[in-house]
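Read off the chains here:
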Amino acid sequence: MKRRQFASVVVVGAGPAGLAAAIRASESGRQVTVLDDNPSAGGQIWRGEKDRRSGNDASAWFQKFRTCPAEMITGARLIHGDPERRILSVETRQEFFEIGYDKLILATGAREFFLPFPGWTLPNVMGVGGLQALVKSGLPVDGKRIVVAGTGPLLLAAAAYFRKHGAIVPVIAEQAEWRSVAGFGIRLSKNLGKLFQARSLRLALRSSRYTFSTWVEAAHGKDRLENAQVRTGAKVWREPCDYLAVGYGLKPNIELPVLMGCRTQSGVVAVDEFQQTSQEHIYCAGECTGIGGVDKSLIEGEITGLAAAGLKDSARRLFAKRRKTRQFANVLDRAFALRPELRQLPLDGTIVCRCEDVRWGRLRPMNSWRSAKLESRCGMGPCQGRVCGQILEFLLGWHPESVRPPVFPARLESLTQDSEMKESLRT
Amino acid sequence: MRSMPEIITFSINGSPVRVSGGTSVATAILISGETAFRRSVSGEPRTPLCGMGVCFECRVTINGLQHCLSCQTVCQDGMEVQTG
Ligand SMILES: Cc1cc2nc3c(=O)[nH]c(=O)nc-3n(C[C@H](O)[C@H](O)[C@H](O)COP(=O)(O)OP(=O)(O)OC[C@H]3O[C@@H](n4cnc5c(N)ncnc54)[C@H](O)[C@@H]3O)c2cc1C
Ligand code: FES
């Protein structure tokens, strides 16, 4: 028999947004349960910080969370939900259960955007946030050479982090033009440092070559990465390295909100001033409403928690603070817009769908997602198109199809316990 | 990296490994020098890409259970991890 539990407010995601939401919603005396698929709370930026007493922002928020009565369930992945019955389906390593709610807060964060280029499937080519997450969970990089490439402030935050852990970062290859970034009035060391909380940013910049209009066009190596082929204008060189950390910005995780019927706009979940979505009982906070860094996630989380708990006046008092964090977010997006040359990166033999090993030459002549799926199984693997879907949107302008449950691959036992997901077994 | 002094002992492909508490299985595999977490459909060796439970490149077998995401699993004493 499947187990069912209930909480007045359920929060999905235990990053800064979800934690702030849970803390504020608990102030009303309501019963709050937080679910996250990671082994511990913290989300992306505070990964591995839970038990550290570093005296920074993170530890202050963790302290508040520890002392608030909200229940935390880690290692729990939301795979389906029914907005009519207000029930979510949850899978943990041990079991499948359902959780009912009055109000739902979705704080599902964002993931990294990757672009395919020759050699990007070689061992030790990783995402920028991906490698950073591994270092945060114990990977030593002391003395390792790490090329950091792609776009956006995360490159700087990550490079600073790698250096702090003893790595050598010979180059930080930023694809955007200097003019574009400077033109938006972004003072790199000041604003980006603040936004992305990279304390040792200056150090990173001083001892690495941070170059604009520069990108990695190939990764080379026999069984694993040996060097990255970097281009800036007409100049091309090979940079020897142990790891290549490459990412082209962040994209909101909107699959679960879409499945729950929340309206989206330009790839982010649409919310009103109280962070309420188009579904009256569902709220959304943090990166899934638009990429803007940790301060935006925290303040949106607080507003969401208060609003969901019915404390609208308290929520309203935080609006001015939120406005500031959003302004900068808008600017970021345009300053780091992707250059068209990046569409030329994949060669015919370059893999685009890493789950099914579908190559660019096969996909390029196709005219829709549907035919790509039917003819090549592109996007049909376990990541469910989370990686190749956004790639094909950029390369070919294909928009992802509607979201179907389960939003993550689930175990057979879980699927058979849910009538709607059982259907997915047949298709 | 972490302040926890505890040491965890488990195995990767039958060989014993020791890591400090809190280390993820993905990290432990990289430390061991293994470069094929899994083999792709066409036989390529793969290592983690996203590090956060999205890409499914870090799938390994843990205690006989296939397709576990090593980036979202913390090492535990006595665990048996199989790659490839
Ligand atoms: C890879 C990566 C690295 C980053 N590194 C930095 C950095 O170094 N510095 C910085 O300032 N910013 C960084 N950011 C930006 C960062 O996302 C924000 O600053 C901040 O963490 C956002 O908080 P959030 O609460 O909105 O989302 P997140 O922190 O992303 O939290 C969302 C949480 O929801 C969970 N989740 C999502 N879907 C489900 C589901 N279906 N079931 C269960 N749980 C789910 C996720 O696993 C995650 O723990 C990074 C972002 C990414 C993607
Ligand atoms: S590395 Fe992407 S899911 Fe684990």
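Because the structure is predicted, anything quoted here is derived from the model rather than measured. (Residues numbered from 1 in each chain as written. Chains lettered and ligands numbered in written order. Predicted model: local features only at pLDDT ≥ 70, side-chain atom pairs only at ≥ 80, totals over all residues. Heavy atoms only, no water.)

Peer 1: For the overall build of chain B, give the residues involved together with the corresponding values.
Peer 2: For chain B, the helix and strand inventory stands at one helix and seven strands. Moving toward the C terminus, one meets the helices and strands of chain B in the order β-β-α-β-β-β-β-β. Counting only C-alpha atoms and orienting by the principal axes, one finds that chain B spans roughly 40 × 25 × 20 Å. In chain B, buried positions account for 56% of the 84 residues. Of all intrachain contacts in chain B linking residues separated by at least 6 positions in sequence, the fraction that spans at least 24 positions is 36%. When the accessible surface of chain B is totalled, it reaches about 3,400 Å², and 48% of it is carbon and sulfur. For chain B, the distance from the average site of its 6 positive side-chain charges to the average site of its 6 negative ones is 5 Å. (Helix = DSSP H or I, 4+ residues; strand = E, 2+ residues; numbered from the N terminus. Buried < 20%, exposed > 50% of the residue type's maximum accessible area, 1.4 Å probe, protein only. Contact = heavy atoms within 4.5 Å. Areas by Shrake-Rupley, 256 points an atom, 1.4 Å probe, with all protein chains shown as cover. Lys, Arg positive; Asp, Glu negative; His and termini not counted. Charge placed at Lys NZ, Arg CZ, Asp CG, Glu CD.)

Peer 1: How would you explain the interface of chain A and chain B if you had to name every residue and give the values?
Peer 2: Each partner contributes residues to the interface: chain A has 46 residues there, and chain B has 37 residues. For the pair chain A and chain B, the summed buried area comes to about 3,300 Å², and 57% of that belongs to carbon and sulfur atoms. Run the count over chain A and chain B and you get two salt bridges. The partner of Glu 57 of chain B in a salt bridge is Arg 354 of chain A, and the shortest N-O contact between them spans 2.5 Å. One can count 17 residue pairs in polar contact (both at pLDDT 80 or more) joining chain A with chain B. Elements with a contribution of two residues or more to the side of chain A that touches chain B: β7 (110-112), β8 (125-126) and α3 (128-136) of chain A. For the side of chain A that touches chain B, a count of residues per class yields 20 nonpolar, eleven polar and 15 charged. (Buried area = accessible area lost by both parts, 1.4 Å probe. Salt bridge = Lys/Arg side-chain N within 4 Å of Asp/Glu carboxyl O. Polar contact = N/O pair within 3.5 Å; in protein donor to acceptor, adjacent residues only side chain to side chain. Nonpolar A, V, L, I, M, F, W, Y, C, P; charged D, E, K, R; others polar.)

Peer 1: Account for the environment of Ile 254 of chain A, with residues named and values stated.
Peer 2: Residues and elements named next belong to chain A. Along the chain, Ile 254 falls in the loop between β16 (250-252) and α8 (255-259). Using a relative accessible area of 18% as the deciding quantity, one classes Ile 254 as buried. On a C-alpha basis, the gap between Ile 254 and Ala 107 in space is 9.7 Å, while along the polypeptide they are 147 residues apart.

Peer 1: Give me the lowdown on the packing of aromatic side chains, citing residues and values where you can.
Peer 2: Residues and elements named next belong to chain A. Applying the stated criterion to the full structure yields five aromatic pairs over all chains. Positioned over the ring face of Trp 61 is Lys 64, at 4.0 Å from the centre of the ring. Across from the ring centre of Trp 237, 4.8 Å away, lies the NZ or CZ of Lys 235, which sits over that ring. (Phe/Tyr/Trp six-rings, centres within 6.5 Å; stacked < 30°, edge-to-face > 60°. Lys NZ or Arg CZ within 6 Å of the ring centre and 35° of its normal.)

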